[in-house]
Amino acid sequence: MTRALLLAIGLTIAGSAVAGSINGAIGVRLVIYSRCEIKLPAAQPTPQINCGRAAAAQPRVTDSTLSGVGSQKQGNRLITVEW
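Residues numbered from 1 in each chain as written. Predicted model: local features only at pLDDT ≥ 70, side-chain atom pairs only at ≥ 80, totals over all residues. Heavy atoms only, no water.

> Can you help me understand the overall build of the chain in this one?
Looking only at helices and strands, the chain features one helix and four strands. If you list the helices and strands of the chain from N to C, you get α-β-β-β-β. For the chain, the residues scored as buried account for 7% of the 83 residues in total. Of all intrachain contacts in the chain linking residues separated by at least 6 positions in sequence, the fraction that spans at least 24 positions is 18%. (Helix = DSSP H or I, 4+ residues; strand = E, 2+ residues; numbered from the N terminus. Buried < 20%, exposed > 50% of the residue type's maximum accessible area, 1.4 Å probe, protein only. Contact = heavy atoms within 4.5 Å.)

> How should I be thinking about the environment of Ile79 in this particular structure?
Inspection of the secondary structure assignment puts Ile79 in strand β4 (residues 76–82). Separated by 17 residues in sequence, Ile79 and Thr62 place their C-alpha atoms 5.7 Å apart.

> Sorry if this is basic, but what is going on with the pattern of salt bridges here?
Opposite charge on two side chains allows them to pair when their charged atoms are near. Applying the stated criterion across every chain, the model contains one salt bridge. As a salt-bridge pair, Arg60 and Glu82 come within 3.1 Å of each other at their nearest N and O atoms. Residue Arg60 is found in strand β3 (residues 60–66), and its partner Glu82 is found in strand β4; the two are separated by 22 residues along the sequence. Residue class for Glu82 comes out partly exposed when judged on its relative accessible area of 38%. (Salt bridge = Lys/Arg side-chain N within 4 Å of Asp/Glu carboxyl O.)

> What am I meant to see in the confidence of the model for the chain here?
Low pLDDT marks regions whose predicted coordinates should not be analysed in detail. Averaged over the chain, the pLDDT score is 75; the fraction of residues at 70 or greater is 81%. Within the chain, helix α1 (residues 2–20) has the poorest average pLDDT of any element, 72, and β3 the best, 81. (pLDDT = per-residue confidence, 0-100.)

> Explain a nonpolar patch on the surface here, please?
On the surface, a nonpolar cluster with roughly 300 Å² of combined accessible area is contributed by Leu5, Ile9 and Ile13. Among the structural elements, Leu5 can be located in helix α1. Classification of Leu5 as exposed rests on a relative accessible area of 54%. (Patch = residues over 30% accessible without salt bridge, like charges linked within 9 Å, V, L, I, M, F, W, Y side chains within 5 Å. Areas by Shrake-Rupley, 256 points an atom, 1.4 Å probe, with all protein chains shown as cover.)

What follows is the structure in structure tokens.
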């Protein structure tokens, strides 16, 4: 029992010593697009957004109709842009 406990403690100390001596690197790239164009064509109900002219940089645009309050006949829309 004592030998098993000493072995476990020894392996824990050796494992942390090895983990502290390992080096590595992570390759990360960040691209920031400085300009987005928002256009609302008359023929389309949602705005067209063009950011950096790259497919990966385009935001997700969702359009939903909100229900009216009381007897109001006014239509309300919620347009959400997610980057």
